[in-house]
Amino acid sequence: MSNPIIECRDLTKTFSSSAEVLCILDRANFAMKRGQICTILGPSGSGKSTFLAILGSLERFDSGDVHVDGYDLSSLSEKSLSMFRRNIVGFVFQFHFLLNDFTALENVALPSYVAGTPKNEAWDRARRLLDMVGLGKRLDHFPSQLSGGERQRVAVARALINSPSIVLADEPTGNLDASSAKELRSLLQNLPESAGTTLLIVTHDPDLAAIGGSSYLLKGGRFECIK
Ligand SMILES: Nc1ncnc2c1ncn2[C@@H]1O[C@H](COP(=O)(O)OP(=O)(O)OP(=O)(O)O)[C@@H](O)[C@H]1O
Ligand SMILES: [Mg+2]
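Residue numbering note: each chain is counted from 1, following its sequence as written. Lettering for chains starts from A, numbering for ligands starts from 1, and both go in the order in which the items are written. Local features in a predicted model are, by the rule used here, given only for residues with pLDDT of at least 70; side-chain atom pairs are given and counted only at 80 or more, and totals for whole chains, interfaces and linings are based on all residues.

Student: Whenever I open this one, the overall build of the chain confuses me. Can you help?
Tutor: Counting from the N terminus, the helices are DSSP H or I runs at least four residues long and the strands are E runs at least two residues long. When you go through the chain residue by residue, the secondary structure sums to 7 helices and 10 strands. A compact globule built from 227 residues should have a C-alpha radius of gyration of about 17 Å, and the chain, at 17 Å, falls within 12% of that. The principal-axis extents of the C-alpha atoms in the chain amount to approximately 50 × 40 × 40 Å. Partly exposed residues are those whose C-beta has more than 12 but fewer than 20 other C-beta atoms within 10 Å; 20 or more makes a residue buried and 12 or fewer makes it exposed, with C-beta atoms placed from the backbone. The buried share of the chain, reckoned over its 227 residues, is 38%. Two residues qualify as being in contact provided that their C-beta atoms, derived from the backbone, are within 7 Å of each other. The long-range fraction of contacts in the chain, counting pairs at least 24 apart against all pairs at least 6 apart in sequence, stands at 69%. Atoms counted for the radius of gyration: C-alpha only. Globule rule: 2.2 Å times residue count to the power 0.38.

This is how it looks when you write it as structure tokens:
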């Protein structure tokens, strides 16, 4: 594949307990192109969230090669890993994980401010991103004053604040009603163009899975290309 943003070879991940060893990823291969949307489907417990956590370097793996945006995840120092988590990947989860005591604007701006961006710059960019996700008039709302769909859009803006190379989304519509899910779907679908990012989405929702230029099924520890 030319210019892949993610490349995994022979990726193996197990979870061990005293009773058993669970092999979640079994010499799995996976690749996706920059600037694309790729979706992953798979039965509950097949390892989809674990895979995203590995790509975001939140979870270790047993063996194999994992390259994300040119970074070899098995050889990064702790310092490089925290830079990687902060600047290379953005996360959107099923539950928004917004900070309840902060406004939408603060929730989006803070990861940039914490990373060392001057306050004005961080706040300006957060305003632009909230505008992009259709919440330009909700900047000062707290999470409790936003609908579920609006909170997820704030979470998308927050994921984009440090201009990540790739956004990893784990069941982003899993908690939304049909019309909010539809809105989020079109927002996500436009992200490669509007935010210049690449998007990897794990979902059970066939409508969301359909926005992927490529789609994979994770089953038995391996990826099967279905589109
Ligand atoms: N920290 C852990 N320790 C032990 N087992 C774990 C751990 N995290 C996940 N697992 C197991 O690994 C398997 C894969 O979990 P994962 O959450 O990746 O599945 P999933 O495909 O995301 O499922 P779902 O669609 O329900 O979200 C499950 O059997 C789960 O119980
Ligand atoms: Mg999951």
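Additional details are given in the paragraphs that follow.
Student: What am I meant to see in unusual backbone geometry here?
Tutor: Excluding glycine, a negative phi dihedral is what most residues carry, and trans is how most peptide bonds are arranged. The phi torsion at D69 lies on the positive side, around 50°, for a residue other than glycine. Structurally, D69 can be placed in the loop between β4 (63-68) and β5 (71-72). The backbone phi angle of S163 is positive, close to 50°, even though this residue is not glycine. By the secondary structure assignment, S163 is in the loop between α5 (148-160) and β7 (166-170).

Student: Any chance you could explain the site of ligand 1 here in plain terms?
Tutor: Proximity of a residue to a molecule or strand is defined by its backbone-placed C-beta atom lying within 6 Å of that partner. The local shell around ligand 1 consists of F15, L22, I24, G42, S44, G45, S46, G47, K48, S49 and T50. Of all the secondary-structure elements, those providing two or more residues to the shell around ligand 1 are β2 (21-33) and α1 (48-55). When residues of the shell around ligand 1 are assigned to their parent elements, the largest contribution, 3 residues, is made by α1. In this classification, the charged set is Asp, Glu, Lys and Arg, the nonpolar set is Ala, Val, Leu, Ile, Met, Phe, Trp, Tyr, Cys and Pro, and all remaining amino acids, among them Gly, are polar. Of the residues belonging to the shell around ligand 1, the class tally is 3 nonpolar, 7 polar and 1 charged.

Student: Looking at this structure, I do not really get the sheet that holds strand β1 (residues 4-16). What am I missing?
Tutor: Paired through backbone hydrogen bonds, the strands of a sheet run either parallel or antiparallel to each other. Across the sheet, which stays open at both edges, the 4 strands sit in the order β2-β1-β4-β5 with antiparallel pairing between neighbours. The sheet terminates laterally at β2 and β5, the two strands that pair on one side only. What makes two strands pair is DSSP finding at least two bridges between them. Where β1 lies against β4, 5 bridges are found, and the strand directions are antiparallel. Residue R9 lies in a different strand from β4, and its bridge partner there is D65.

Student: Where do I start with the nonpolar core in this structure?
Tutor: What tends to happen in soluble globular proteins is that the nonpolar side chains get buried as a cluster. For our purposes the nonpolar core covers buried Ala, Val, Leu, Ile, Met, Phe, Trp, Tyr and Cys residues that link as a set through C-beta atoms within 7 Å. Within the largest apolar cluster, 59 residues are counted, with the highest numbers of intra-cluster contacts made by V108, L130, A157 and V167. Of all the elements, α5 adds the most residues to this core, at 6 residues. Non-local contacts of V108, meaning those with residues more than four positions away in its chain, are made with A126, L129, L130, V154, A157, R158 and I161.

Student: How should the environment of F142 be read in this particular structure?
Tutor: Tracing the backbone through its elements, the reader meets F142 in the loop between α4 (119-132) and α5. Judged by the 16 C-beta atoms lying within 10 Å of it, F142 is partly exposed. Considering only alpha carbons, one finds F142 and T103, 39 residues apart in sequence, at a separation of 4.3 Å.

Student: How should the packing of helix α3 (residues 104-114) against α5 be read in this particular structure?
Tutor: Each packed pair of helices is defined by two parameters, the angle between the axes and the distance between the axes. As a packed pair, α3 and α5 sit with axes 8 Å apart at the nearest point and diverge in direction by 25°. It follows that α3 is roughly parallel to α5 by the angle criterion. Classified by chirality, the crossing of α5 by α3 is right-handed. The segment α3 lies against α5, with A104, N107, V108 and P111 engaging V154, A157 and R158. Here the contact of α3 with α5 is composed, by residue class, of 5 nonpolar, 1 polar and 1 charged. A fitted line through C-alpha atoms serves as each axis, taken over the contacting stretch for helices, and the angle formed by two N-to-C directions is quoted from 0 to 180°. When an angle is under 35 degrees it counts as roughly parallel; over 145 it counts as roughly antiparallel; between 65 and 115 it counts as roughly perpendicular; any other value is oblique. It is the rotation of the near helix from the far one that decides the hand of a crossing: anticlockwise by less than a right angle makes it left-handed, clockwise makes it right-handed.

Student: What is the right way to look at the pairing of β2 in this model?
Tutor: Within a regular strand, side chains alternate between the sheet's two faces. By the bridge criterion, 9 bridges tie β1 to β2 in an arrangement that is antiparallel. By the bridge assignment, E7 is partnered in β2 with A31.

Student: What's the story with the sheet that holds strand β10 (residues 222-225) in this structure? I'm lost.
Tutor: Across the sheet, 6 strands lie side by side as β6-β7-β8-β3-β9-β10; this open sheet has mixed pairing. Looking at which strands have only one partner, the edges of the open sheet turn out to be β6 (89-92) and β10. The sheet shows a mean angle of 20° between the axes of neighbouring strands, direction not considered. Summarising the sheet, strand β3 (residues 37-41) and strand β9 (residues 214-219) pair through 4 bridges and their orientation is parallel. Bridge assignment links C38 to a residue of β9, and that residue is S214. In the packing of α1 onto the sheet, the strands contacted are β3, β7, β8 (198-202) and β9, and the crossing angle to β7 comes to about 155°.

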